[in-house]
Structures are given as structure tokens and as C-alpha cells.
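Observations on the model geometry
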Amino acid sequence: MRPDYTPKDIEAAAQQHWEEQQAFRAGEDSPKPKYYCLSMFPYPSGKLHMGHVRNYTIGDVLSRYHRMQGFNVMQPMGWDAFGLPAENAALANNVPPAAWTYSNIGHMKQQLKSLGLGIDWSREVTTCRPEYYRWEQWLFTRLFEKGVIYKKTAGVNWDPVDCTVLANEQVIDGRGWRSGALVEKREIPMYFFRITQYAEELLADLDRLPGWPEQVKTMQRNWVGKSYGCEVEFPYGTAIGKEGALKVYTTRPDTLMGATYVAVAAEHPLAAQAAAGNKELAAFVAECKRGGTAEADVATMEKKGMDTGLFVRHPLNGVNLPVWVANYVLMGYGEGAVMAVPAHDERDYEFAEKYGLPVKHVIASPDLLNKWKKLEAQLLADGHEPDRNDLDQAGMIAYLSHVLSDLPAPSDALIEAVHEFAGQMEIESPNTEYGTLVCSGEYSGMDFQQAFDAIAADLQAQGMGKKRTQFRLRDWGISRQRYWGCPIPIIHCPACGDVPVPDEQLPVVLPENVTVTGTGSPLAKMPEFYRCACPKCGGEARRETDTMDTFVESSWYYARYASPACSSGMVDKIAAQRWLPVDQYIGGIEHAILHLLYARFFHKLMRDEGLVQGDEPFINLLTQGMADVEVETDAKGRPLGAKLRADGLPVAIGGTEKMSKSKNNGVDPQAIIDKYGADTARLFIMFAAPPDQQLEWSDSGVEGAYRFLRRIWHFAHTRRPAGANPGLARDLSDAAQPEKERCREIHSALKQANNDFGKHQFNTVVSASMKILNTLEKCSDTDSGPAIADGFSILLRLLSPITPHIAQTLWQELGYGDDILAAPWPEADEAALEQDEIELVIQVNGKLRGSLRAAKDADQAMLENLALAHPAVQKQLAGGAAKKIVVVPGRLINVVA
RNA sequence: GCCGGGAUGGUGGAACUGGUAGACGCGCCGGACUCAAAAUCCGGUGUCCGAGAGGAUGUGGGGGUUCAAGUCCCCCUCCCGGCACCA
């Protein structure tokens, strides 16, 4: 055995050993229970960053841990290979996206292998390969025929200079990132997955995922956004041109009597109609159509609007309400029109304040109600008749000032009551809480639910509305006007319409040798690609040149791993049944909504096709915190440029790297692996923080991780802690006190580590391991020989999922066994944890004043007496008596003076 | 803007279910070894007052509940993730 720790040699040897043993091939006919451990596959951006290392180390730790617990583990890996960055790289470096992608995959695969991950590489999938995406195309044609996929128009960001559709992140301050041209919203035809048809199920099944973080489930629930509300129609007469009704959807029908105007989106027919004869309005509508489509931009825009001059009639009280065009109303959302209740909605209030529109309170909080009653009572007491007219804010303020100035000699009590009421109204503008209806005619006095039901019933009776359940979730548009993606398998025939490509013609292969110019879609310029015959009538037809959203590939890869080479179907049903669902999924928190929702949706689609069983793809989910970069942002929070923490060099945004804010993590993992080895890199990353916590990387602390491994090696070399039967429970009844204490320390650290493994808190597993080594180093050969061997074998096994190379090497070198992967997982020996005497903390009024040792089974009265006798307590009490004594068994005694 | 998180020493983080705040590391300070340095080992290290014993104070800010609050409740600030064409 070498005296020095030489990670390069031992890691190469250990990896070769696993390779020879085919140690990580997932067995198809194992009697052991299966454990499918999946880490989100990487986009092949070029090189590994710390986020990858963190993700894949977590996955490997869980895989190896479960393997030692007796599971048949499957841990696959693959490449999310289609996407925008490859096209950007092509533009920047003149390399075809395919070549760039394959070369990146080659390099990153080497990097992953050098980390010593226990991956079954025989299952590798690459989404840009026709063998993979042909099945995606196949499913598309099936779903198209079933009507789950349909076509409609939708808005995109159009760059009028580059004649290209831009991704949201390519629109910076309303301009194209390359051309600088002002971006326009343009409506184009696209294919959509009818995900809304599954909205109810996607929502309900979240309740059947106890292994998912609550945080993620909450985000998904809010995203699906089931709401109970009402359709309300605001009729208009021929004055507008023709008779009709403006339909809106609201979740607050109880505030209907407080509506003071209605607002429509710029794209709404009513806006277009009004703009036809109004140049100023037409210009405003055009202005609203400028800029990007991203919701964050729209929502943070300054609220602007313009009066159309049109009016609609309030369906219940017949009052005419003005129609405004407002940029905060979105066409693709609900009905593209809203009823505005400024008194009880933040955005409506802000808008009404800005344009001087009336505010009418119709919901009163208990406070407001009480203050109004008090005011009324005082008016009566002073001999005046209270005015119970509408609480239109302006009218109310006028009324209140009338009370103060026009009434003869108002009493002090009345003046106070007016001020209190006015003050409360001020506080409650806008009041978005539920409350009691006021100033709402026959509905006054009702609570939310009563008003909801009554108003909905009245609307329905008049044919002017009804209750409706609505989802916030929108259908999933998957058409992309880009080259580097999976071709949509549709042929457009002038005679037959949209015809799906027949099975025998699949896959529609994406040509790999192309030149990317940055203007327009490359496929649309390739007649050899798009010219084709209609599969139905044989006539001349045109192939669809749009490709699919890359979220589609990542929505089903987890299922493909079960039978990666299956050439007869999307999945081999037997293999899918064996391996699915995924037992543990691990990936970044940034995927909490979109990717995870789409994958859940796809599982249900595949289930309905009879391909997979079960309703959900991922049983347990671990969301990893982001690995941050220091990013400078503009006023809208968009990155202007990222700075590499380590050396301050700027990093290109939207360049050849994956376009992600997390692409640069300040520390290059390869440099750490080269200098210290994979075990140090893995240990360092697991020790830095718990997996779900976000982390800013710096390499301080890498040295400490390396030092720890070196100490382990040195300990093994100098102390040779081998035992014939490591892990055998030892009878400690005769052992000397120091040895008992050392054993207790080791087993209590082990107990903590096992508990932390269960919580996926690997940083404290590492600290427990460090404590064990600290204890072992305190042992002398003579007093604790066998304990050392026992303790060291615990240490190696505890660390083996995290630092597998050194653990395997020492396990073998010291003769514990051939393969640490086959060793049983260590469990804490409860007998070793027993203590006769324990330390108790003494508090006086909750403040720490001392401690005492007592027998572990000392009773309450005895402990109280011991505490009272304690000098520190005597001093604090200063002769006084204790009011109360709180004893927390095994922990503390608190004397309350 | 909306939805979801987060904030603990110089620093990464720990603290089971409301019960000794700062485990385990990094860094720093002092010491040993050495011709010297590196490596290694030993000791110390929240802040303030104090020679010391000890005391006060302390978990982003403000309030509250409790014998006891980093932990529970209310309000606020800042930071991070997502917002449907980045992946």
C-alpha cells in the first residue's frame, strides 16, 4: 500500500475495476427490488459546470446508497441534444449544429466518466438521433389523429429585420438581440397539445405525490390555476354598431355592483371596431402590439389605457359603463376583457387612479362596517338622518365633508366618527379581501359565497352569465420556426389538408448538413426537405418545416431508458413495466413547473396510448438549488452580462454556451478533478450545502475536502485497521471507559449520518464522517484495537457513496472485502449509545446559567432539587423563591423566578 | 407585477418535534516540528465589557405568542428561481 494518497492512480484503477465487472449494468432479471434513479439529462453545452457535478453526484450517492441497501439500481444518462444554443454556436463559429452537438457530447461524456458515476452507459439516449425522435414523431401522428394535437394561431415575437421568430430571451427591451429592431407580436399558425384537457387530472394527481416537495406541488397547483368564477355579459346596443354583449370572466362576481368600467385587450374585436374611426385610438392599439410576448414584461409594463368612447350596460343595474382599451388585459387569457372594480382590485385601482375613473366600495371589512355603524349611530344621536346612498368614493367623500361642514354644530364625537370612517376607507383602497357586501342593492349584507350564488343565479336567469370553472393553464404550443429540433411529421396537401406522415415513412429525418444564417428558418429554404407527395392523394404537397419545442424530447426520455434500443416502438412495454415509474428524480428547481408538468402530461398521454402503466412518472423528486453566478441585470432584471466570480472575466450571454443564467458557476469542476481527483470534487460539492439549497460556488474549502481524504489514507496506512470480522457487534460490557466513550461517539455519529441520508442531507453525512475520523485518531492502538477496525469499516462504508474510489480502494487494500458495493450498510448499535449519566442544562428565566450531571433515570423532583441547589441558580434567585420549574427530560431544567 | 423559495460568525453551513445558537469544515491567530519553507500536528477563534471569575448581547428589520423562539404568528426589506419560444 502506498504511503501517499494518489487520487489519479486509485481513481483510474477503481473505475477500471467497475468497468471490468460491468458493475453498473442494470440487471433485467434480478430478484432484488428495482430502484430507478434518474438525474435530469444535460443539454450538451460544451463542458460540465458545477451544477451538473452537483446534480449527478447527488444521483450517484443515492444510487450507490440504495445499491448497498440491496436494490437493483438503474442509473442511466443521455443528452437533451436539440435546442437553440446549437444554432447560436453555428452562427458564431460556422459549425453545423449537429457537428457542434456531437463533439460536445463526446467531451462531456469523458468528463462524466472521470467523475466515477455509477451509470449504465449501455442505456445512453441522444434526442437528436433519428432512432430517438422517430418515436416522438410517431406519437405526434397518433395524437394528431386523436385530436389531442390541433392547430390554431398564436402570437410570437417577430423580428422584422432578421425575418425571424425570436425566443423570449432573445428579446431585450422590446428589441431583437441581433438586429436591434423593435420586435412585433405576430400571429402565426401553430400546433398545440391539448394539455388543458388533462388540467383536472394534473392538478388532482399532485395530491398523490407525497414524495414531491410541497414547494413544487404548490407552484404546479398555482400554474394550473383552477378558479371558480362567473361569466358576465355586458350588453351593448346598436349605438356601438350592432347589438351584442361583451363577455368577461371574473372570480369576484360578488364585486359586480362595484364595477365602474370595463377594459379590453388591444387585440379585442371591440378595440379594433372602436379604433376604426379613431386615429388616436388606432395608434394606441398599435403601440400595445409592439414589444415581446413574455408575461413578465407585460405584467411589469406601465399600465396604460385609452377610452374607446363606447359604453356597455351593467347587466344588473343597467348603468352605462365606459369601455377602455388597456395594455394590462391579455387577449390570450380568459375572454380578453375584464370588468374593472377599482375598489377591490389592485390593478384596476392603479388604473382608475391614473385615469380618474370612479371607485365604488361594495365590500366592507368588519372594521369598515363597524366604523360606518358607529358614524350612523352618532349621526342619529346628533339628530341627523344618515344618508345611505352609494359608497362611490367621490360621493362618499363629498358626503363626509358635508357632514363636517354643512351640518349645524357637529359634536366632537361625530367629527371623530367621520375621521375614523374616512381613515379606514383610505386604508382599504383597494380592499381585495372577502367581506360583507354594501351598497349593492338587494345583495347588501351578503357574504362572499351568498353573493356569488345570488348574483350568478340572477345573471343566469337573465341569460347574462353563469358560473364557470376556469384554468389558468393554457394549451401547449409546440411549433418552433427553427432548424435544430425534431421535425413535425405533417404534410400540407392543397387537396387533403394537414396529413400526418404515415408510420412507414417515419422518421422524418432532419438533414444535418446545413448552413445556419440567422434569418428565417433553414428548412423552409430547402426544397429537397419540404417537397413531397401527399400520402393520401399522391399529389404534390409541402412538408411542415417547423420543428418541435425541445421540451417534447425531455418529456418522455425517462421512459425510453427502460428500453433505449427498442426499434419496434416508443418503449418496450415489458421493460417499461419493469422499470417505471422513476423511483427518484433529481434536477434543478428551475424545472419545477414547465418540464415537470410536461413530463407528467406526457406520461398520461402514453398511458392513454397503452404504452406505460400508472398515472405519474416520478415517485420521489429532489429539487436541487441553483448554482449561482454573479449577474448584472438591467432595470427589468434581465442579465446584461455575467461575471465569472473566480477571475472576473465576462461571460457571453446567448453565445455558444447553453443559454441559461446558471451556465457559469464560477468554479470549473474539471480544474478541481485534475488537481485533486473526482472524490475530492464529489466530497467538496456534497459538503458545501444540502442539495435543495441554492449555492454560490467558490473553491475555498476544496483543500479541506482533499485534506480529509488524505487523513483517511494516512490513517489507513499507518494504523492498518483491518479486522477479521468488521462490523461484528462487539460486547462492550467489559470494555474500558475510554473505549466505551469512543464507541459511543462513533455510533452516535453513524446514527446521525443514517438519519441524514434519509433526509438527503449529505453535508451533515460528511460532517459525521469527519467526526468518526476525529474519534478514530484519538484512539490508541492498545486500548481500542478492534474498535478501530469496526469504526474504520463504518467510515469507509458511510463515505463510499460520496467518495467511492478511495472507499473501494481501502476496503480492498485492508482486506475488508473485494467490493465495498457488496458490503452491508452499517447500522448504529443502540447498546453502544447507552449512557449512565447525562448532562442537563440549567436555565433561570430561560437564560443559560450552568449545567449538571445526573443519572439518566433521575426523577423530576430530584432534578428540581438538584437545580435549586445549583450555585448559579442560588445566585440568580438571590434568596427569592422559584415560581415554577420546567423540566425537559434529557435536556434542561428551567427555573422561573 | 404574479407564483414559489431564501437570509444564522470573517466564510460554507449545523441546530431532531419550540428546549445549551454557531456542530463539521474553510479562513485567521498562537504554538510545535524544520537551517528555512511547504506539509503535518497541538491550542484558540460570534460581538462587546472585564486582568479574571463572570456579565451583557446576538440568527435580515420591526412587532407578538411562550417558562423558553433561528424554529410559531403578523408586518416590512433585500436576494434567488419561475412566468408558457433558454434549457
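Provided above is the structure to which this section pertains.
The structure contained in this document is the topic of the report that follows. (Residues numbered from 1 in each chain as written. Chains lettered and ligands numbered in written order. Predicted model: local features only at pLDDT ≥ 70, side-chain atom pairs only at ≥ 80, totals over all residues. Heavy atoms only, no water.)

A word on the side chain of threonine 764
In this fold, threonine 764 is placed in helix 24 (residues 762-778). By relative accessible area, which is 18% here, threonine 764 ends up buried. Apart from residues lying up to four places away in sequence, threonine 764 is in contact with Gln752 and Asp756. (Helix = DSSP H or I, 4+ residues; strand = E, 2+ residues; numbered from the N terminus. Buried < 20%, exposed > 50% of the residue type's maximum accessible area, 1.4 Å probe, protein only. Contact = heavy atoms within 4.5 Å.)

Details of the sheet that holds strand 11 (residues 244-250)
Strand order in this open sheet of three strands is 11-10-18, and the pairing throughout is antiparallel. The open sheet terminates on both sides in strands that have one partner only, identified here as strand 11 and strand 18 (465-471). Neighbour-to-neighbour, the strand axes of this sheet turn through a mean angle of 30°, independent of strand direction. Helix 15 (residues 448-461) contacts strand 10 (226-236) and strand 18 of the sheet and is inclined by roughly 120° relative to strand 18. (Pairing = 2+ DSSP bridges. Axes fitted to C-alpha atoms, helices over the stretch in contact; angles between N-to-C directions.)

Structural notes on the pairing of strand 10
For strand 10, a buried count of eight out of 11 residues is recorded, marking the element as mostly surrounded by other parts of the structure. With seven bridges connecting them, strand 10 and strand 18 associate as antiparallel partners. Bridge assignment links cysteine 230 to a residue of strand 18, and that residue is lysine 467. Sheet analysis places strand 10 next to strand 11, joined by seven bridges and oriented antiparallel. The partner of glutamate 233 across the bridge, within strand 11, is lysine 247.

Details of the packing of aromatic side chains
Following the criterion strictly, the structure yields 42 aromatic pairs and no others. Ring centres 4.9 Å apart and planes at 25° place the aromatic pair tryptophan 811 and tyrosine 816 in the stacked group. For tryptophan 811, a relative accessible area of 5% translates into the label buried. Residue classification places tyrosine 816 among the buried residues on the basis of a relative accessible area of 10%. Members of the aromatic cluster, joined through ring pairs, are Phe193, Tyr198, Trp476, Phe551, Tyr598, Phe601 and Phe602. A cation over an aromatic ring shows up here: arginine 64 above the ring of tryptophan 18, its NZ or CZ 4.4 Å from the ring centre. (Phe/Tyr/Trp six-rings, centres within 6.5 Å; stacked < 30°, edge-to-face > 60°. Lys NZ or Arg CZ within 6 Å of the ring centre and 35° of its normal.)

Some words on the packing of helix 1 (residues 7-21) against helix 26 (residues 804-813)
The geometry of a pair of packed helices is captured by two quantities: the angle between their axes and the separation between those axes. In the contact formed by helix 1 and helix 26, the axes pass within 9 Å of each other and the chain directions differ by 80°. One element, helix 1, and the other, helix 26, form an angle in the roughly perpendicular class. Of the residues in helix 26, those in contact with Ile10, Glu11, Ala14, Gln15, His17 and Trp18 of helix 1 are Pro804, His805, Ile806, Gln808, Thr809 and Gln812. For the contact of helix 1 with helix 26, the per-class residue count stands at five nonpolar, six polar and one charged. (Parallel < 35°, antiparallel > 145°, perpendicular 65-115°, else oblique. Nonpolar A, V, L, I, M, F, W, Y, C, P; charged D, E, K, R; others polar.)

Observations regarding the nonpolar core
Counting residues in hydrophobic clusters, the biggest one holds 172 residues, and the most contacted among them are Phe193, Ile712 and Phe792. Of all the elements, helix 22 (residues 702-719) adds the most residues to this core, at nine residues. The residues touching phenylalanine 193, leaving out its near neighbours within four places in the chain, are Leu143, Val148, Ile149, Asp475, Trp476, Ile478, Val552, Phe601, Phe602 and Leu605. In this structure, Cys230, Val248, Val262 and Leu310 belong to the second largest nonpolar core, which totals 39 residues. (Core = buried A, V, L, I, M, F, W, Y, C linked by side-chain atoms within 4.5 Å.)

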